[in-house]
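Each chain is listed here by its residues.
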Amino acid sequence: MLSNKRPDSMERITTKELADAFIAEQIKEVREQVGDKKVLLALSGGVDSSVVAALLIKAIGKQLVCVHVNHGLMRKGESEDVIEVFRNQLDANLIYIDATDRFLGLLEGVSEPEKKRKIIGNEFIEVFNEEASKLDDIDFLAQGTIYPDILESDGVKAHHNVGGLPEDMHFELVEPVRLLYKDEVRVVGKALGLPSHMVDRQPFPGPGLGVRCLGAITRDRLHALREADAILREEFDICGLSEKVWQYFIAVPDMKSVGVRDDKRYEGWSAIIRAVNTKDAMTATIEEIPYSVLHKITNRITTEVEGINRVLLDLTPKPVGTIEWE
């Protein structure tokens with residue numbers, strides 16, 4: 001039985017040398033645990049699952065079967081990025097499922113945030129189960145569980161990686177980064193050769209854009225949100241704020257206001273910018289964005305994104321506001 005308690009003597013992984021030593025140790029452990037059997041991994045493209053995938057590809061190659069489910073609520077270019085990095089560059093055994101219509105169909109007309117979360121979470125497990133049942137000889141399930149997940153699941157909150165498996169899934173778990181903190185996972189990811197945009201990727205909720213397209217999700221508003229969010233991320237990269245801000249995104253409410261385009265009145269949605277800094281996500285402060293950057297973002301979003309005619313800035317710290325709007 002693998003330990004879920006981080007030893008007091010375990011050194012914090014801060015350098016490539018320490019990361020390389022950790023990787024070598026995990027490769028040995030994984031090979032001993034798995035032997036010649038197959039391992040299944042739900043690869044979201046997030047930091048934790050990406051690092052686990054890269055590590056396991058190094059350890060067991062094609063014995064790892066990665067399943068990437070695109071629920072239609074990813075940010076712009078993210079699913080394409082998973083395919084490019086893992087299938088094309090790392091030659092992973094990757095199954096790609098585009099379940100966009102399935103998820104958006106179930107979410108139609110659903111405005112209550114917790115109900116949206118539940119639908120997305122349940123359907124993800126359903127799709128993943130269906131794919132798993134098509135595969136033969138899978139004995140192990142890999143997960144991107146990290147140490148804070150284990151600590152938080154111990155009486156604080158249930159976590160999707162800890163105790164969240166369907167009861168009829170009889171797999172033994174492979175969790176190579178379970179004793180690492182997030183900053184250590186990033187160091188390991190870089191040592192494994194993953195691109196920095198994937199390793200340094202900002203936190204992204206499991207329901208994805210589903211909780212940033214506020215209220216009942218519609219395809220046109222979801223598309224506008226995705227495009228506006230891509231512009232925000234691009235401009236933060238250009239001005240260097242992406243390296244200083246912990247999390248930044250756009251939320252689009254289900255509410256229109258009047259605007260002017262081509263000398264005519266037209267109704268559009270608002271894009272709300274949220275940019276926060278935090279150490280533990282329990283509290284968050286607002287990052288100052290230069291007005292020149294805000295003006296550029298506003299101009300690009302209102303000019304380039306169909307359906308958006310206003311850009312707002314959320315200045316609310318946590319508490320009193322949560323980081324996500326829903």
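In what follows, the accompanying structure is described. Numbering of residues starts from 1 in each chain and follows the order in which that chain's sequence is written. Selection of residues for local features in this predicted model requires a pLDDT of at least 70, selection of side-chain atom pairs for listing and counting requires 80 or more, and totals for whole chains, interfaces and linings are taken over all residues. With hydrogens and water excluded, all non-hydrogen atoms of the structure serve as input to the side-chain values.

**Re the nonpolar core**
As used in this record, nonpolar core signifies buried Ala, Val, Leu, Ile, Met, Phe, Trp, Tyr and Cys residues forming a set joined through side-chain atoms within 4.5 Å. Exposure classes here rest on a 1.4 Å probe applied to the protein chains alone. A residue is buried below 20% of its type maximum, exposed above 50%, and partly exposed in between. Core analysis: the biggest nonpolar cluster contains 46 residues, and Phe236, Ile250 and Ile301 have the highest contact counts within it. By definition, any uninterrupted DSSP run of H or I lasting at least four residues is a helix, any uninterrupted run of E lasting at least two residues is a strand, and each is numbered from the N terminus. Broken down by element, this core gets its largest block of residues, 7 residues, from helix H9 (residues 219–239). Any two residues having at least one pair of non-hydrogen atoms within 4.5 Å are treated as being in contact. Excluding anything up to four places from it in sequence, Ile301 contacts Ala228, Ile231, Ile250, Ala271, Ile308 and Val311. Residues Ala19, Val34, Leu94 and Met198 belong to the second largest nonpolar core, which totals 41 residues.

**Structural notes on the pairing of strand S4 (residues 138–142)**
Of all 5 residues in S4, 4 are buried, a share of seventy percent or more. Strands pair, by our definition, only if DSSP identifies at least two bridges between them. Sheet topology note: the strand S1 (residues 38–42)/S4 ladder contains 4 bridges and is parallel. Following the sheet pairing, Leu40 is matched in S4 by Leu141.

**Let's talk about the pairing of strand S3 (residues 93–98)**
Sheet analysis places strand S2 (residues 64–70) next to S3, joined by 6 bridges and oriented parallel. Directly across from Cys66, in S3, lies its bridge partner Leu94. The β-α-β motif built from S2, the intervening helix H3 (residues 78–89) and the parallel element S3 has right-handed crossover chirality. Note on handedness: a clockwise path from strand one over the helix to strand two, with the strands aimed away from the viewer, defines a right-handed crossover.

**Side note on the environment of Asn299**
With respect to the element layout, Asn299 can be found in helix H10 (residues 291–304). By relative accessible area, Asn299 is classed as partly exposed at 48%. A sequence separation of 10 residues divides Asn299 from Asn309, and the C-alpha atoms of the two residues are 9.8 Å apart.

**Points about the packing of helix H2 (residues 47–60) against helix H7 (residues 182–191)**
Interaxial angles span 0 to 180 degrees and are taken between N-to-C directions of axes, which are lines fitted to C-alpha atoms, for helices over the stretch in contact. Interaxial distance between H2 and H7 falls to 10 Å at its minimum, and their mutual angle equals 40°. Regarding the angle of H2 to H7, the classification is oblique. The handedness of the crossing between H2 and H7 comes out as left-handed. Contacts between H2 and H7 involve Val47, Asp48 and Val51 from the first element and Lys182, Val185, Arg186, Val188 and Gly189 from the second. Partitioning the contact of H2 with H7 into residue classes produces 4 nonpolar, 1 polar and 3 charged. These descriptions rest on fixed angle ranges, namely under 35 degrees for roughly parallel, over 145 for roughly antiparallel, 65 to 115 for roughly perpendicular, and the rest for oblique. Note on convention: near helix rotated counterclockwise from far helix by under a right angle means a left-handed crossing. Clockwise means right-handed. Gly falls in the polar group here, along with every residue not listed as nonpolar (Ala, Val, Leu, Ile, Met, Phe, Trp, Tyr, Cys, Pro) or charged (Asp, Glu, Lys, Arg).

**Overview of unusual backbone geometry**
In this structure, Pro319 follows Lys318 across a cis peptide bond, with omega equal to -15°. When you line up the elements, Pro319 lands in the segment after strand S10 (308–313). Notably, Asp137 is not glycine yet its phi reads approximately 60°, a positive angle. Relative to the helices and strands, Asp137 is located in the loop between helix H5 (113–134) and S4.

**Thoughts on the environment of Lys38**
Residue position: Lys38 is located in strand S1. Residues Lys38 and Ile286, spaced 248 residues apart in sequence, show a C-alpha to C-alpha distance of 45 Å. Residues contacting Lys38, with those up to four places away along its chain left out, are Gln63, Asp136, Asp137, Ile138, Asp139 and Phe140.

**Describing the pattern of salt bridges**
Two side chains that carry opposite charge are able to pair once their charged atoms sit near each other. Whenever a carboxyl oxygen of Asp or Glu lies within 4 Å of a side-chain nitrogen of Lys or Arg, that contact is scored as a salt bridge. In total, this model carries 25 salt bridges according to the counting rule given. A salt bridge links Asp183 to Arg12; the shortest N-O distance between them is 3.1 Å. Taken as a pair, Asp183 in helix H7 and Arg12 in the segment before helix H1 (16–34) lie far apart in primary sequence, 171 residues in all. For Arg219, the salt bridge goes to Asp101, with nearest N and O atoms at 2.9 Å. Linking Arg219 in helix H9 with Asp101 in helix H4 (residues 100–107), this pair joins segments that are 118 residues apart in sequence. According to the relative accessible area criterion, Asp101 is exposed, its value standing at 56%.

**Looking at a negative patch on the surface**
Grouping into patches uses exposed residues only, defined as over 30% relative accessible area, and leaves out salt-bridged ones; the cut-off is 9 Å for like charges and 5 Å for nonpolar side chains (Val, Leu, Ile, Met, Phe, Trp, Tyr). Methods summary: accessible areas were calculated by the Shrake-Rupley approach with a probe of 1.4 Å, and residue burial reflects only the protein chains presented. Only four residue types enter the charge count: Lys and Arg as positive, Asp and Glu as negative, with His and the chain ends excluded. The location of each charge is read from NZ of Lys, CZ of Arg, CG of Asp or CD of Glu. A surface patch of like charges, here negative, comprises Asp136, Asp137, Asp139 and Glu172. Judged by its relative accessible area of 33%, Asp139 falls in the partly exposed class.

**Some details on the sheet that holds S1**
The strand order across the open sheet formed by 5 strands is S3-S2-S1-S4-S5, and the pairing between neighbours is parallel. Of all the strands in the sheet, the pair left with one neighbour each is S3 and strand S5 (172–174). Here the average twist between neighbouring strands, direction ignored, is 30°. In terms of strand pairing, S4 meets S5 through 3 bridges, oriented parallel. Bridge pairing in S5 links Phe140 to Glu172. Sitting on the sheet, H1 touches S1, S4 and S5, and the angle it makes with S5 is about 165°. Those strands touched by H5 are S1, S2, S3 and S4, and its axis lies near 155° from that of S1.

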